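# Residue-level structural notes
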Amino acid sequence: KVLAALIRSHRRRLDFESLEDLPAPWHVHAEYLIVILRLSVLVHRGRSPSTFPKIGLQARGRALSLEFPRGWLDSHPLTQADLEQESEYLREVGFRLRID
């Protein structure tokens, strides 16, 4: 059930209401797993064989901060646009995403 919830929620708008059917404590843990999966999918969009930069992720409760090397997002505008859209989706379900 947890895996199905992760797959169902890994793209587009988030709907955490379906997670209420999961057994405790998975109904809460699944929210965080979904957010991490979604961010991973967005950041690794190109799947190119080139070396991937070191990205920092800090989390405090429902506040997340992603830190990229200087200039990396400028040279990857589609990823930047997707992350900005994701920030909106996350805000709708009570998460805050900061992108540096």
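None of the values given here were measured: they were computed from a predicted structure. (Residues numbered from 1 in each chain as written. Predicted model: local features only at pLDDT ≥ 70, side-chain atom pairs only at ≥ 80, totals over all residues. Heavy atoms only, no water.)

Attention now goes to the layout of surface pockets. Remark: the empty space left among the atoms is shown by a probe the size of a water molecule rolled over them. Of the voids in this model, the largest pocket is the one considered here, and its volume is about 240 Å³. Contributing elements (two or more residues each) for the lining of the largest pocket: helix H2 (26–43) and helix H3 (77–92). Counting residues per element, the lining of the largest pocket draws most heavily on H3, which supplies four residues. (1 Å grid on protein atoms, 1.4 Å probe; cavity = no way out; pocket = protein on both sides within 12 Å on 5 of 7 lines; lining within 4 Å. Points joined across faces, edges and corners; volume = space filled by probe spheres on them. Helix = DSSP H or I, 4+ residues; strand = E, 2+ residues; numbered from the N terminus.)

Attention shifts here to the side chain of Glu31. For Glu31, the position within the fold is in helix H2. Apart from residues lying up to four places away in sequence, Glu31 is in contact with Phe16, Leu19, Arg62 and Phe95. (Contact = heavy atoms within 4.5 Å.)

Below, the discussion takes up the pairing of strand S1 (residues 56–60). Taken across its five residues, S1 has zero buried, putting it largely on the surface. Strand direction decides the pairing type here: S1 and strand S2 (residues 63–67), joined by five bridges, are antiparallel. Paired with Leu57 across the two strands is Leu66, which belongs to S2. The hairpin formed by S1 and S2 contains two residues between the paired strands, and Gly61 there has a positive phi angle of roughly 60 degrees. (Buried < 20%, exposed > 50% of the residue type's maximum accessible area, 1.4 Å probe, protein only. Pairing = 2+ DSSP bridges.)

Now for the packing of aromatic side chains. For the structure shown, the criterion picks out three aromatic pairs. Aromatic pair Phe16 and Phe95: ring centres 6.3 Å apart, planes at 80 degrees, arrangement edge-to-face. With Phe16 in the loop between helix H1 (2–8) and H2 and Phe95 in the loop between H3 and strand S3 (96–99), the pair connects residues that are 79 residues apart, well separated along the chain. Here Phe95 falls in the buried class, since its relative accessible area comes to 3%. Each ring, one from Phe68 and one from Trp72, has its centre 5.3 Å from the other, and the planes form 5 degrees; the classification is stacked. Residues Phe68 and Trp72 agree in their burial class; the two are buried. Here the aromatic cluster, defined as three or more aromatic residues joined through ring pairs, consists of Phe16, Tyr32 and Phe95. (Phe/Tyr/Trp six-rings, centres within 6.5 Å; stacked < 30°, edge-to-face > 60°.)

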